Amino acid sequence: PLLGDQGLGSQDLTGDVCPDAHQMFLYYDELYFKRALTNKAVFVEWSKRMTLCAGLCSYKGRSSECRIALSEPLLKFRSATETKETLL
């Protein structure tokens, strides 16, 4: 496990089905990046249409926007740990 996981609580990491990805993102952004990602227009969202991979990160250079999409169909029945690993 990564350092700092205890901050989310063990139930949040292993027990939740379809955990709050935004909450996880904010937690790890603070822990590892000191909010640098949030301050640079990076955001996380669930995608109902993505079915070929668990997660995808896309960057739009003109707007300096970075989107992290997590596959709801593939991750909704997985543990929060698997969602966390996909996010990171």
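Parameters and conventions
- Residues numbered from 1 in each chain as written.
- Predicted model: local features only at pLDDT ≥ 70, side-chain atom pairs only at ≥ 80, totals over all residues.
- Heavy atoms only, no water.
- Patch = residues over 30% accessible without salt bridge, like charges linked within 9 Å, V, L, I, M, F, W, Y side chains within 5 Å.
- Areas by Shrake-Rupley, 256 points an atom, 1.4 Å probe, with all protein chains shown as cover.
- Salt bridge = Lys/Arg side-chain N within 4 Å of Asp/Glu carboxyl O.
- Helix = DSSP H or I, 4+ residues; strand = E, 2+ residues; numbered from the N terminus.
- Pairing = 2+ DSSP bridges.
- Axes fitted to C-alpha atoms, helices over the stretch in contact; angles between N-to-C directions.
- Contact = heavy atoms within 4.5 Å.
- Buried < 20%, exposed > 50% of the residue type's maximum accessible area, 1.4 Å probe, protein only.
- Phe/Tyr/Trp six-rings, centres within 6.5 Å; stacked < 30°, edge-to-face > 60°.

Q: An account of a nonpolar patch on the surface is requested, with residue identities and associated values reported.
A: Taken together, the side chains of Leu31, Tyr32 and Phe33 define a hydrophobic patch exposed on the protein surface, amounting to about 260 Å² of accessible area. You can see Phe33 is positioned in helix H2 (residues 21–33).

Q: Can you explain the sheet that holds strand S1 (residues 42–47)? Please cite residues and give values.
A: A sheet is described by the order of its strands in space; here 3 strands give the open sequence S1-S3-S2, paired in mixed fashion. Every interior strand has two partners, whereas the edge strands, S1 and strand S2 (55–60), have only one. On average, adjacent strands in this sheet sit at an angle of 20° to one another, irrespective of strand direction. Strand direction decides the pairing type here: S2 and strand S3 (residues 65–71), joined by 6 bridges, are antiparallel. Of the residues in S3, the one forming a bridge with Lys60 is Glu65. Its contacts with the sheet put H2 on S1 and S3, and the angle it makes with S1 is roughly 155°.

Q: Let's hear about the pattern of salt bridges: which residues, and what values?
A: Scanning all chains against the criterion turns up 4 salt bridges. Where Arg67 meets Glu45, a salt bridge forms, and the shortest distance between an N and an O atom there is 2.3 Å. Of this pair, Arg67 sits in strand S3 while Glu45 sits in strand S1, and the two are 22 residues apart along the sequence. By relative accessible area, Glu45 is classed as partly exposed at 29%. A salt bridge links Arg78 to Glu82, with the shortest nitrogen-to-oxygen separation between them at 3.9 Å. On the accessibility criterion, Arg78 (43% relative accessible area) is partly exposed.

Q: Pulling in residues and values, what's your account of the packing of aromatic side chains?
A: All told, the structure shown has 2 aromatic pairs when counted by the stated rule. When the centroid spacing of 4.9 Å and the interplanar angle of 80° are considered together, the rings of Tyr27 and Tyr28 count as edge-to-face. Geometrically, the ring pair formed by Tyr28 and Tyr32 is stacked, given 5.9 Å between the ring centres and 5° between the ring planes. Note that Tyr28 and Tyr32 are positioned in helix H2 at a spacing of 4 residues, about one turn of the helix.

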